[in-house]
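One-letter residues, chain by chain:
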Amino acid sequence: MSDATSIDRDLDAGFGDYFALLKPRVMSLVVFTALVGLVVAPVGVHPFIALVAILCIAVGGGASGALNMWWESDLDAKMLRTRNRPIPAGRVTRDEALAIGLTLSAFSVVMLGLATNFVAAGLLAFTIFFYAVIYTMVLKRRTPQNIVIGGAAGAFPPMVGWAVATGGVSVESLLMFALTFAWTPPHFWALSLFVKGDYGRAGVPMLPEVAGRNVTRWHILGYSVVLAIVSFALGLTSIGGPVYMAVAVVMNALFLRGAWTITQRDDAACDVDKHKAERGLFKLSLFYILLLFGALLVEASLKPFGLGGW
Amino acid sequence: MSFRPDHELHGRRASRNYGLGAVLLIFAALVFGLSVVKAGQNGVPVLEAQRALQAAQEAGE
């Protein structure tokens, strides 16, 4: 009889539902930036240990995603974009998400510590704590600056990658952190300008809803200027070089032009072309982070041939 | 004797079980690989130190 009752549970989870708790798309950025942090560091790492380290960082990032979904299941149910996530869709229970989040957090931190060093493991633990507790539980529903401070969580992975190789923190790793940190607000605010209403419905105080869309446009430009300064500073360190600088000049010029264009538009102009400029800047922001970190990789891979770097 | 066709639910449960199996296998492989690499890394200096000690003892004799 127990079989008959369990078949009634049409919403039993498949493996993919548990995997979805780990936010695989966010994980891909985490993996990429952590890998760059690890590869550009001046200390070599055994390839297998590097693989294990990147996996641990990915799983740690995923675990914080599961904890985020556990805490925010009520919000997710209210927003169109997140309504089909495993918890609001009823395929995974909140308790399961909490258990998976906590278990994988502990696992990833301990494994990273054993495989590499405890500075890297400590940074990963802090990243998970920052995203799950500081951002998700404390800030997100309280302040329109949620994206700014929460962006720090997404900015830690290159520092963790660097710590895996070197066992410490340095100017280079801090500037890689600063680059992702300054990139996050314009990236998300550009998105929030054309995905209207969703956050407002859920009661999350996003900047466009609280301070207005015009203020948000100027905030985007302000952070883009900060982003440009940080990216050039990173280019002057030991991991920068001519290739990186060339990419940074082009991408910052395009980004600042896009951000400036947005400040010159009002809602009427946005409605006419369906947020063409805002969508354009959002797309550009994805290429921006990909190409700048990619350029750091190029510099590192040129070094064995006597090229790359200053 | 005939069996009813599998409910779609069974497919989902199977995916869960196979998925967990794969995760555990990968984990075991990772721990094994780590052990080999770590032992290799730490083993070489130990061996060298042993050889140096042996050589010193032989020279002393």
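Residues numbered from 1 in each chain as written. Chains lettered and ligands numbered in written order. Predicted model: local features only at pLDDT ≥ 70, side-chain atom pairs only at ≥ 80, totals over all residues.

Within chain B, the secondary structure is distributed over one helix and zero strands. When burial is assessed residue by residue, chain B has 0% of its 61 residues classed as buried. (Helix = DSSP H or I, 4+ residues; strand = E, 2+ residues; numbered from the N terminus. Buried ≥ 20, exposed ≤ 12 C-beta atoms within 10 Å, placed from the backbone.)

Residues and elements named next belong to chain A. Judged by nonpolar contacts, the single largest core of 93 residues is most densely connected at Ala66, Leu124 and Val160. A per-element tally of this core places helix 4 (residues 47-71) first, with 13 residues. Both domains that furnish three or more residues to this core are identified here as domain 1 (15-167) and domain 2 (170-310). Other than its neighbours up to four places away in sequence, Ala66 contacts Leu21, Leu22, Ala97, Ile100, Gly101 and Leu104. (Core = buried A, V, L, I, M, F, W, Y, C linked by C-beta atoms within 7 Å. Domains from an automatic or database assignment. Contact = placed C-beta atoms within 7 Å.)

With that settled, consider the interface of chain A and chain B. The interface is formed by twelve residues belonging to chain A together with twelve residues belonging to chain B. Contributions of two or more residues to the side of chain A that touches chain B are made by helix 2 (15-20) and helix 4 of chain A. The element contributing the most residues to the side of chain A that touches chain B is helix 4 of chain A, with three residues. Residues that form the side of chain A that touches chain B fall into these classes: seven nonpolar, three polar and two charged. (Nonpolar A, V, L, I, M, F, W, Y, C, P; charged D, E, K, R; others polar.)

Attention shifts here to the domain arrangement of chain A. All names here are of chain A. Partitioning chain A into structural domains gives domain 1 (15-167) and domain 2 (170-310). Each of domain 1 and domain 2 has a C-alpha centre, and the two are 21 Å apart. Counting residues at the interface gives 26 residues for domain 1, matched by 26 residues for domain 2. For the side of domain 1 that touches domain 2, the secondary-structure elements that each account for two or more residues are helix 3 (24-40), helix 5 (73-78) and helix 8 (146-166). The leading source of residues in the side of domain 1 that touches domain 2 is helix 8, at eleven residues. For the side of domain 1 that touches domain 2, a count of residues per class yields 16 nonpolar, six polar and four charged.

Residues and elements named next belong to chain A. Contact pair helix 9 (residues 171-194) / helix 15 (residues 276-302): the axes reach a minimum separation of 8 Å and the direction vectors enclose 155 degrees. Considered as vectors, helix 9 and helix 15 are oriented roughly antiparallel to each other. Here the hand of the crossing between helix 9 and helix 15 comes out left-handed. Residues Leu179, Thr180, Trp183, Pro186, His187, Ala190, Leu191, Leu193 and Phe194 of helix 9 form the contact with helix 15, whose own contacting residues are Glu278, Arg279, Leu281, Phe282, Ser285, Tyr288, Ile289 and Leu292. Each residue belonging to the contact of helix 9 with helix 15 can be placed in one class, and the counts come to twelve nonpolar, three polar and two charged. (Axes fitted to C-alpha atoms, helices over the stretch in contact; angles between N-to-C directions. Parallel < 35°, antiparallel > 145°, perpendicular 65-115°, else oblique. Left-handed = near helix turned anticlockwise from the far one by under 90°.)

The next subject is unusual backbone geometry. All names here are of chain A. The phi torsion at Lys23 lies on the positive side, around 50 degrees, for a residue other than glycine. Locating Lys23 in the fold gives a position in the loop between helix 2 and helix 3. The backbone phi angle of His275 is positive, close to 60 degrees, even though this residue is not glycine. Assignment of secondary structure puts His275 in the loop between helix 14 (267-272) and helix 15.

Taken over all residues, the pLDDT of chain B has a mean of 83, while the share at 70 or more is 85%. In the model output, the complex is listed with pTM 0.87 alongside ipTM 0.78. (pLDDT = per-residue confidence, 0-100.)

All names here are of chain A. Interaxial distance between helix 3 and helix 4 falls to 9 Å at its minimum, and their mutual angle equals 145 degrees. As for how helix 3 packs across helix 4, the hand of that crossing is right-handed. Residue-level inspection shows Val26, Met27, Val30, Val31, Ala34, Leu35 and Leu38 of helix 3 in contact with helix 4, the latter providing Ala50, Ala53, Ile54, Ile57, Ala58, Gly61, Gly62 and Gly65. Counted by class, the contact of helix 3 with helix 4 contains twelve nonpolar, three polar and no charged residues.

This part takes up the environment of Thr143(A). Mapping Thr143(A) onto the fold places it in the loop between helix 7 (118-139) and helix 8. Along the backbone, Thr143(A) and Val210(A) are 67 residues apart, and their C-alpha atoms lie at a distance of 9.2 Å.

As a general rule, the predicted coordinates of low-pLDDT regions are not to be interpreted in detail. Counting all residues, the mean pLDDT for chain A is 91, and 96% of those residues have values of 70 or more. The low-confidence segment residues 1-8 of chain A, where pLDDT is below 50, has two contacts with residues more than four positions distant or belonging to other chains.

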